[in-house]
Each structure stands twice: as structure tokens, then as C-alpha cells.
Amino acid sequence: MSNEQRKRIHPYKFSLWVGMASILMMFAGFTSAYIVKRSDGNNWLEFSLPPVFWYSTVVILLSSLTIYLAGKAFKDRNMARYKGLITLTAFLGVLFAVLQWSGFEYLQRHGVKLIGTNSNPAGSFLGVITGVHILHVLGGVVVLIVMFVRAYNSRQKNYSSVPIEVASTYWHFVDAIWIYLFVFFNIVSH
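Rules and cut-offs
- Residue indices follow the written sequence of each chain, beginning from 1 at its first position.
- Side-chain atom pairs in this predicted model are given and counted only at pLDDT of 80 or more, local residue features only at pLDDT of at least 70, and totals for whole chains, interfaces and linings cover all residues.
- Side-chain calculation: all heavy atoms of the structure are included, whereas hydrogens and water are not.
- Any Lys or Arg side-chain nitrogen found within 4 Å of a carboxyl oxygen on Asp or Glu counts as a salt bridge.
- Secondary structure counts use DSSP, requiring at least four H or I residues in a row for a helix and at least two E residues in a row for a strand, with both numbered from the N terminus.
- Remark: exposure states derive from per-residue accessible area (1.4 Å probe, protein chains only) relative to the maximum for the residue type, with buried under 20%, exposed over 50%, and partly exposed in between.
- Any two residues whose heavy atoms approach within 4.5 Å at even a single point are treated as in contact.
- The length a helix should cover is 1.5 Å for every residue beyond the first.
- Nitrogen and oxygen atoms within 3.5 Å of one another constitute a polar contact, given that in protein one can donate a hydrogen and the other can accept it, and given that sequence-neighbouring residues count only through two side-chain atoms.
- Helix axes use the C-alpha atoms of the stretch in contact, all axes being lines fitted to C-alpha atoms, and the angles between their N-to-C directions lie in the range 0 to 180 degrees.
- Between 65 and 115 degrees an angle is taken as roughly perpendicular, under 35 as roughly parallel, over 145 as roughly antiparallel, and anywhere else as oblique.
- Each crossing is labelled by how the near helix is turned from the far one, with a counterclockwise turn of less than a right angle marking it left-handed and a clockwise turn marking it right-handed.
- We call Asp, Glu, Lys and Arg charged. Ala, Val, Leu, Ile, Met, Phe, Trp, Tyr, Cys and Pro are nonpolar, and the rest, Gly among them, are polar.

> Looking at this model, I keep getting lost on the pattern of salt bridges. Mind explaining?
A pair can form between side chains of opposite charge whenever their charged atoms are brought close. Applying the stated criterion across every chain yields a total of 5 salt bridges. Between lysine 13 and glutamate 165 there is a salt bridge; the shortest N-O distance is 2.5 Å. Of this pair, lysine 13 sits in helix H2 (residues 11-40) while glutamate 165 sits in helix H6 (residues 162-188), and the two are 152 residues apart along the sequence. Between lysine 75 and glutamate 165 there is a salt bridge; the shortest N-O distance is 3.5 Å. Remark: glutamate 165 occurs in helix H6 and lysine 75 occurs in helix H3 (residues 52-75); sequence separation between them is 90 residues. One continuous salt-bridge network, built from bridges that share partners, spans Lys13, Lys75 and Glu165.

Next comes the structure, spelled out in C-alpha cells:
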């Protein structure tokens, strides 16, 4: 492999970085719109994030650790550990989404309507922004499930680390987006 070939970024990684840049711009736009609408002051409901969002934050941070360890296990050719950690990461991603949904239900029970009649812009923004984030996490879960199935496919043995590197980078990215959103909502919504 020549030096030029080593310096080029893999097409999957390049596509991932372009996609992450657009996702980042989208969330920057969402949070900017939140600030602008909040500063308008009309009909803005002040409320705290549901306590379960703290648990979901711990879960998503833990999932960053498990996907990191999965990548390490793959590179060490420890396929049993890799499969287990990929499965655990996917489970934690689903658990994150379930906990977030539980947070939405908590808000509804405490008078913060997220959508529909009598909803408040503050609740609607929270619902849309976190809902779009949940979709991105679940998209990552789908990728992890595909990787899990491929790991068990005895007909195809591929030891390229690119798929786990791409999935891991994306997973850390959606984790970082959640941390940003969590801090944002805790600071700006009060």
C-alpha cells in the first residue's frame, strides 16, 4: 500500500463525516430555533427535564463504552466478546429510547403536552428535538443488528475493521449529541 493510499480516507468514513456534519447542523438549527422561540416569551412553559432523562444519559454513556470495547474485541479477533458487546450496545440503545419515551410520558402526566391541542412550544420543541435524536439512535441500533447478523454468518468471514470503526464513530457522535442536548435543555430551559 502506497503512502497516498494510506492517507486517503475510506469512502464509508468520508460519507459518515459528511452525514454527521449535516446532522450536527440540523441539531444546531433546532437548538437555535428553541432559543429564538423561548426569547419571544409568549406562551412559554418553564419545566424541568424528567428525572428518567438522567438515567437515559447514563445508559447512553455506558453504550459508548460497550461499543468501544466491541471495536477493541474485533481488532483482537475475540469474536465471542465482540458479538456480546455489539448485542449489549444495541440493547442499551433500545433501552435509551425506552427511557426517553418514559420521560415523555412523565411530562404528559405532569401537564406538559408535547404535541396536539393544548401543547406548549417548550414541550413541542423538546419532543421534536429529542424525538429526532431517538430516531438517530435507533438507526444506529439497526446498523448494530446488521453487524451482529454478519458476525454470526458462517459463510462470510470479513476481518475489515472499517464497519465497526464507522459504527463506533457514529455511535459516539449520537452520544455526544445527546450530552449536548441534555446540557442545553438543563441550562436553557430554566
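> I would appreciate a short explanation of unusual backbone geometry in the present structure.
Trans is the prevailing form of peptide bonds, just as negative phi is the prevailing case for residues other than glycine. Even without glycine at this site, arginine 77 takes up a positive phi of about 60 degrees. With respect to the secondary-structure elements, arginine 77 resides in the loop between H3 and helix H4 (79-109). Positioned with a positive phi, asparagine 118 is a non-glycine residue whose angle comes to about 65 degrees. Relative to the helices and strands, asparagine 118 resides in the loop between H4 and helix H5 (121-152).

> What am I meant to see in the side chain of threonine 130 here?
Inspection of the secondary structure assignment puts threonine 130 in helix H5. When its relative accessible area of 0% is taken as the criterion, threonine 130 is described as buried. Once residues lying within four places of it in the same chain are set aside, the contact partners of threonine 130 are Phe53, Gln100, Phe104, Trp178 and Phe185.

> What should I look at first to understand H5 in this one?
Count 3.6 residues to each turn of an α-helix, and residues three or four apart come out pointing the same way. An ideal rise of 1.5 Å per residue puts 46 Å on 32 residues; H5 measures up with 46 Å between its terminal C-alpha atoms. At the N-terminal end of H5, a side-chain oxygen is found 2.8 Å from the backbone nitrogen of alanine 122, two or three residues along, and the residue is asparagine 120.

> Would you explain the packing of H3 against H4 in this entry?
When two helices pack together, their arrangement is given by the angle between the helix axes and by the axis-to-axis distance. Running from amino to carboxyl end, H3 crosses H4 at an angle of 165 degrees, the nearest separation of the two axes being 8 Å. Put simply, H3 runs roughly antiparallel to H4. By crossing handedness, the relation of H3 to H4 is classed as left-handed. The residue inventory of the contact of H3 with H4, partitioned by class, reads 21 nonpolar, 7 polar and 1 charged.

> What am I meant to see in the environment of leucine 135 here?
With respect to the helices and strands, the residue leucine 135 is situated in helix H5. For leucine 135, a relative accessible area of 60% translates into the label exposed. Sequence separation of leucine 135 and alanine 97 is 38 residues, and the distance between their C-alpha atoms is 8.5 Å.

> Quick question: what am I supposed to make of the side chain of threonine 57 here?
Relative to the assigned elements, threonine 57 resides in helix H3. For threonine 57, the side chain forms a polar contact with the main-chain oxygen of phenylalanine 53, separated by 2.7 Å. Ignoring any residue separated from it by four or fewer positions in sequence, one finds threonine 57 in contact with Trp178, Ile179 and Phe182.

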